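Close look at the chain arrangement
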Amino acid sequence: MHPSPDLLLNTADIELWPAHLLRARGNRDARALSRARYVLRRKCDGRFLAADLPEGLLPLVPRLRAEPGIDAALDWLDSTLQSRVHRAIALDAAMQVLPLDRLADRLDALGLDADAYADRSGLVLVPEPAALAFAGFDRYRRPLWLHPHAARAWTGMRDAAHRDDVVLEAISGYRSHDYQLGIFERKRARGLSVEDILTVNAAPGYSEHHGGRALDITAPGEPPAEGSFEATRAFDWLTANAGDFGFVMSYPRDNRHGIVYEPWHWQWHAAPAD
Ligand SMILES: [Zn+2]
């Protein structure tokens with residue numbers, strides 16, 4: 001029934017979600033989702049665009065064919081569903097990344113000088129993977145998406161911690177460029193300047209979360225993304241063991257990027273040699 005139930009297929013404008021991992025927003029969506037394999041979702045606002053039903057595509061918006069990026073999304077879906085080795089192909093594709101060409105215009109629209117920002121922060125552009133693997137649910141019961149290798153490393157690390165009586169909770173994994181742009185747009189609408197926002201959020205395109213290799217970790221009862229996490233057993237455990245699973249804390253105190261200390265933010269780099 002679900003040929004690749006645990007892969008999020010990614011394109012520039014549209015994400016293709018395994019339907020069973022999405023929550024319906026209305027009766028019509030619920031009926032469509034209950035029979036769908038994949039659901040096409042607009043990245044900039046999360047709107048459901050179409051459901052892929054066994055008998056064909058069910059549009060969930062008017063003028064689906066005029067939707068930006070629809071052809072690329074349907075091509076990706078077809079090549080995944082029609083191939084007998086769809087999973088291998090999709091996993092292979094997850095090693096591919098989406099082009100960065102449209103990001104520059106959007107940073108311009110924000111009034112952000114990308115070159116100056118990159119120079120100042122030492123951060124690099126992080127492309128999005130073409131597919132992401134389901135890595136379980138986060139603290140809020142939302143699907144956690146990560147690069148397939150990072151997903152395996154995370155679940156292995158979480159289970160190892162559990163065997164040591166330490167519970168690690170994920171707060172946030174993969175986030176798209178559009179998602180990060182949305183954060184900036186909402187904060188600007190509340191009157192914050194881009195410079196203000198950059199003191200706590202990486203510019204769209206420059207967050208390690210875009211690559212699906214970074215995740216924010218916390219412990220039960222801890223507030224999300226707070227410095228107090230460093231006083232937990234979970235943090236002690238990570239400090240001693242995360243390296244064995246390929247995870248490194250990206251932003252220690254006084255890091256060269258000028259980013260505030262983030263004891264909760266860890267990125268998978270590579271499996272350690274074994
Ligand atoms: Zn983070």
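Structural notes, computed from the coordinates.

Thresholds applied
- Residues numbered from 1 in each chain as written.
- Predicted model: local features only at pLDDT ≥ 70, side-chain atom pairs only at ≥ 80, totals over all residues.
- Heavy atoms only, no water.
- Helix = DSSP H or I, 4+ residues; strand = E, 2+ residues; numbered from the N terminus.
- Rg over C-alpha atoms; globule rule 2.2 N^0.38 Å.
- Buried < 20%, exposed > 50% of the residue type's maximum accessible area, 1.4 Å probe, protein only.
- Contact = heavy atoms within 4.5 Å.
- Lys, Arg positive; Asp, Glu negative; His and termini not counted.
- Charge placed at Lys NZ, Arg CZ, Asp CG, Glu CD.
- Donors = N, O, S within 2.8 Å, 3.2 Å for Na, K, Ca; no water.
- Polar contact = N/O pair within 3.5 Å; in protein donor to acceptor, adjacent residues only side chain to side chain.
- Patch = residues over 30% accessible without salt bridge, like charges linked within 9 Å, V, L, I, M, F, W, Y side chains within 5 Å.
- Areas by Shrake-Rupley, 256 points an atom, 1.4 Å probe, with all protein chains shown as cover.
- Salt bridge = Lys/Arg side-chain N within 4 Å of Asp/Glu carboxyl O.
- Pairing = 2+ DSSP bridges.
- Axes fitted to C-alpha atoms, helices over the stretch in contact; angles between N-to-C directions.

1. A look at the overall build of the chain
Helices and strands together make up the secondary structure of the chain, namely 9 helices and 11 strands. Taking 274 residues into account, the globule formula puts the C-alpha radius of gyration at 19 Å, and the chain, at 19 Å, falls close to it. Summarising its shape, the C-alpha atoms of the chain cover approximately 55 × 45 × 35 Å along the three principal directions. By residue count, 51% of the 274 residues in the chain fall in the buried class. Taking the intrachain contacts of the chain between residues at least 6 apart in sequence as the baseline, contacts between residues at least 24 apart amount to 64%. Between the mean site of the 32 positive side-chain charges and the mean site of the 38 negative ones, the chain shows a separation of 7 Å.

2. Describing the coordination of the zinc ion
For the zinc ion, the protein coordination sphere consists of His-209 (NE2), Asp-216 (OD) and His-265 (ND1), at 2.0 to 2.1 Å. Donor residues binding the zinc ion come from one chain and are separated in sequence as H-x6-D-x48-H. Taken together, the residues span a long stretch of sequence, with His-209 in the loop between helix 8 (194-198) and strand 9 (214-218) and His-265 in strand 11 (residues 265-268) at a distance of 56 residues. His-265 shares its class with His-209; the two are buried.

3. Looking at helix 5 (residues 114-121)
Among the residues of helix 5, the N-terminal cap falls to Asp-113, whose side-chain oxygen and the backbone nitrogen of Asp-115 are separated by 3.2 Å. Trailing helix 5 by a residue or two, Gly-122 shows a phi angle of about 70°, which is positive.

4. Side note on a negative patch on the surface
A cluster of acidic residues, Asp-101, Asp-105, Asp-108, Asp-113, Asp-115 and Asp-119, forms a negative patch at the surface. Counting only elements with at least two residues in the negative patch, the list comes to helix 4 (103-110) and helix 5. The topology assignment puts Asp-105 in helix 4.

5. Structural notes on the sheet that holds strand 1 (residues 7-10)
As summarised here, the arrangement of the 7 strands in space is 5-4-3-2-1-6-7, forming an open sheet in which the pairing is antiparallel. Unpaired on one side and paired on the other, strand 5 (56-59) and strand 7 (143-146) mark the two borders of the sheet. Along the sheet, successive strands turn relative to each other by an average axial angle of 25°, direction set aside. Both strand 6 (residues 131-137) and strand 7 contribute to a ladder of 3 bridges, which runs antiparallel. Directly across from Ala-133, in strand 7, lies its bridge partner Leu-146. Packing against the sheet, helix 6 (residues 148-163) makes contact with strand 6 and strand 7, and its axis sits at approximately 15° to strand 6.

6. So, the pattern of salt bridges
Here the structure, examined in full by the defined rule, presents 13 salt bridges. The residue Lys-43 makes a salt bridge to Glu-128 at a minimum N-O spacing of 2.6 Å. One end of the pair, Lys-43, is in the loop between strand 3 (38-42) and strand 4 (48-53); the other, Glu-128, is in the loop between helix 5 and strand 6, with 85 residues separating them in the sequence. The buried category is assigned to Lys-43, whose relative accessible area is 8%. Notably, a salt bridge pairs Arg-158 with Asp-159, separated by 3.4 Å at the nearest N-O pair. The class for Arg-158 is partly exposed, based on a relative accessible area of 26%. Through salt bridges that share partners, Arg-42, Asp-45 and Glu-67 make up one connected network.

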